[in-house]
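Each chain is listed here by its residues.
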Amino acid sequence: MTLVAEQTTGDAGARGGIALPKRLPIVVSPANRDDSTAKDARLVNCYMEKLETGDIWVCKRPGLDQYTQPSGGAATGRGVYNWKGDIYSIFGTTLYKATTSKGTVNATNGVYRFSSCLGATHKLQLGDGVKAYNYDDAGGLVNINDVDFPAAFCKGWAYLDGTPYVCKVNASIQGGGINDPVNWDALNTITAQIEPDGGVALSKQLVYVIEFKEWTTEVFYDAANATGSPLSPVQGAKANWGCSSQDSVQDLDGTLLWAGAGKSASVQVLIMNNLKVEPVSTKPVEKLLEGASYATGNVFSWSLKWNGHHFYVLTFKTDNFTLAYDLKDQAWSQWTDVDGNYLPIVSATYDSGHRPILQHESNGKLYYADDAYTTDDDSLITVDIYTPNFDGGTRRKKQLNLMEWIGDQVPGSELQVRFNDFDYDPKKWTNFRTVDLSKERPILTGCGTFRRRAHNFRHKKATKMRLQAVELQLDLGTL
């Protein structure tokens, strides 16, 4: 086989100048061909960042550093919330204010949802669909046992014009008294009945109550009705997508996201802005969603607003994957724990300084999340960039003489590099070679010959990492 210099363009090519290197795509979204995360292009424990200059980078996800651990020790995380500047969390069967126990709660239905109510005595409200509670410092933690409060309800609260609301699986919305989350009114009820599907979850957007149902979503406004419920339906705002898991619903600065489907459609991640609903999941992401389990206790979701990014994070525990969607850059990535399994975070909130606080699923800890932390609680984070199969625009053989990484120069930072010429066959990856990212020009030479090739770039150091591109100096074969 004869090798010739890669074709150049412009005057440099006419003068026999050095060929311009090709740039390998590293800014990728999940491209899985089926419901497995083991093949094809993807970003793991990193995310895409678009700058105003037009440059696009791949950045390591924020690490975790312990914020506090309630006195009860390791226990199942069931929710965290900032109320009036104090951090409330549930671990096991105990509600904590900071690290102090405030009482015992139910522990049979996963993560709690929180809200609050005004009135003479402001109250924190929390519920998991089986039990609901009010809390204030003077009265303590009290089970809501009013005869008119539903015995079973869907997760989520909506507080509108002084009235707290919950919904039931029969699609009805039950309201309490005006700024009174203790006493509930049997007559203050309305049913979401444009379609005959059951209720799944409740939330709020703008000045509207949002009820997520099995295959539709309905919207209500405060009509100030003299009798019955103050609410009336907003007929034109009904959406033909429902909710597949009440634990997937998140409110990020008034934007609602959740996993759901229509009556005849597969599961998608949906977003509601100003009452308008549309999918944000890509086809590969929907392949993962379609094969996942939506059973209670299998789905976790939370949100992270940090460094100009707004992340919606969705975990499927038994399916063993966590997906992160950046609302700002409209890009998906996969996040894992230090062992490559799903990221075991179940809930998130913020402290009084607006620093993100995340709750672990089982170790009893709360964590700060920030890119200032380059590890997860002192354990190394494995960042993996899996590129698409690259052929340079031709299936002719190519000799890869040199690879050069364009990124931040960070002391102690290294990149492990391997490749696969056999369509991601797990047994055909080469051994890793190491590139020093502290150098001004991180390069790797003598990278062999290929027709098409997938690369894996792995970063596993207690340093920051930000990459923009990889340049390939290729010689093209004539055969």
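Cut-offs and rules
Here, residues in each chain are numbered from 1, in the same order as that chain's written sequence. Local features in this predicted model are restricted to residues whose pLDDT is 70 or higher, and side-chain atom pairs enter the listing and the counts only when it is 80 or higher, whereas totals over whole chains, interfaces and linings include all residues. With hydrogens and water stripped out, all remaining heavy atoms of the structure feed into the side-chain values. Paired strands, in this sense, are two strands between which DSSP finds at least two bridges. Strands are runs of DSSP state E lasting at least two residues, helices are runs of H or I lasting at least four, and both sets are numbered from the N terminus onward. Under the pairing criterion, centres of Phe, Tyr and Trp rings, with the six-membered ring standing for Trp, must be within 6.5 Å; the plane angle then separates stacked pairs below 30 degrees from edge-to-face pairs above 60, leaving the rest tilted. Two conditions define a charge located above a ring, namely a distance within 6 Å from the ring centre to NZ of Lys or CZ of Arg, and an angle within 35 degrees of the ring normal. For the exposure calls, accessible area comes from a 1.4 Å probe over protein chains only, and a residue counts as buried if that area is under 20% of its type's maximum, exposed if over 50%, partly exposed in between. Throughout, a residue-residue contact means that at least one pair of heavy atoms, one from each residue, lies within 4.5 Å. Axes, fitted as lines to C-alpha atoms, cover a helix only where it is in contact. Angles between the N-to-C directions of the axes lie from 0 to 180 degrees. Per-residue confidence from the prediction method is given by pLDDT, with values spanning 0 to 100. By the criterion applied in these results, polar contacts are pairs of N or O atoms within 3.5 Å in which, for protein atoms, one can donate a hydrogen and the other can accept it, and in which residues neighboring in sequence qualify only through two side-chain atoms. Whenever a pair of cysteine sulfur atoms sits within 2.5 Å, that pair is classed as a disulfide. We call a set of buried residues a nonpolar core when its members are Ala, Val, Leu, Ile, Met, Phe, Trp, Tyr or Cys and they connect through side-chain atoms within 4.5 Å of each other.

1. Some words on the pairing of strand β18 (residues 180-191)
Two elements, strand β17 (residues 172-177) and β18, share 5 bridges in a ladder whose sense is antiparallel. Its bridge partner lying in β18, Ile173 is registered against Ile190.

2. Let's talk about the packing of aromatic side chains
Counting across every chain of the model gives 18 aromatic pairs. Taken together, the ring pairs connect Tyr47, Trp306, Phe311 and Trp335 into an aromatic cluster. Directly above the aromatic system of Tyr368 lies the positively charged group of Arg355, at a separation of 3.6 Å from the ring centroid.

3. A few points about helix α2 (residues 283-290)
Turning to α2, its buried residues number three or more, namely Pro284, Val285, Glu286, Leu288 and Leu289. Elements that come into contact with the buried residues of α2 comprise β25 (268-273), β28 (309-316), β29 (321-326) and β30 (331-335).

4. A short note on the environment of Ala38
Take Ala38: it is sitting in the loop between β2 (22-24) and β3 (42-44). Sequence spacing of Ala38 and Ile173 is 135 residues, and the spatial spacing of their C-alpha atoms is 43 Å.

5. Remarks on the sheet that holds strand β24 (residues 255-260)
Taking strand neighbours across the sheet as the criterion, the 4 strands line up as β23-β24-β25-β26 in an open arrangement whose pairing is antiparallel. Bordering the open sheet on either side are β23 (250-252) and β26 (276-279), each of which pairs with just one other strand. Adjacent strand axes in the sheet meet at a mean angle of 25° when their direction is disregarded. The sheet contact formed by β25 and β26 spans 4 bridges and is antiparallel.

6. Remarks on the confidence of the model for the protein chain
Residues at a pLDDT of 70 or more form 96% of the protein chain, whose mean pLDDT is 94. Throughout residues 1-16 the model reports pLDDT below 50, and contacts reaching past four residues in sequence, or to other chains, amount to 27 contacts.

7. Section: the side chain of Glu404
Structurally, the position occupied by Glu404 is in strand β37 (residues 398-407). Engagement of the side chain of Glu404 in a polar contact is seen with the side chain of Arg441, the distance being 2.6 Å. With residues up to four places along the chain from it excluded, the contact list for Glu404 reads Arg441, Pro442, Ile443, Ala469, Val470 and Glu471.

8. A closer look at the state of the cysteines
Applying the stated rule across the entire model yields 0 disulfides. Lacking any disulfide linkage, Cys117 is separated from the closest cysteine sulfur, that of Cys167, by 17 Å. Judged by its relative accessible area of 1%, Cys117 is buried.

9. So, the nonpolar core
Counting residues in hydrophobic clusters, the biggest one holds 32 residues, and the most contacted among them are Met403, Trp405 and Phe457. At the level of elements, β3, β36 (383-386), β37, β38 (414-420), β42 (454-459) and β43 (466-477) are the ones that each hand at least two residues to this core. The element that contributes the greatest number of residues to this core is β43, accounting for 4 residues. Residues contacting Phe457, with those up to four places away along its chain left out, are Leu24, Ile26, Val383, Asp384, Ile385, Thr387, Met403, Trp405, Leu415, Gln416, Val417 and Val470. With 22 residues, the next largest nonpolar core counts Val285, Leu314, Phe316 and Leu327 among its residues.

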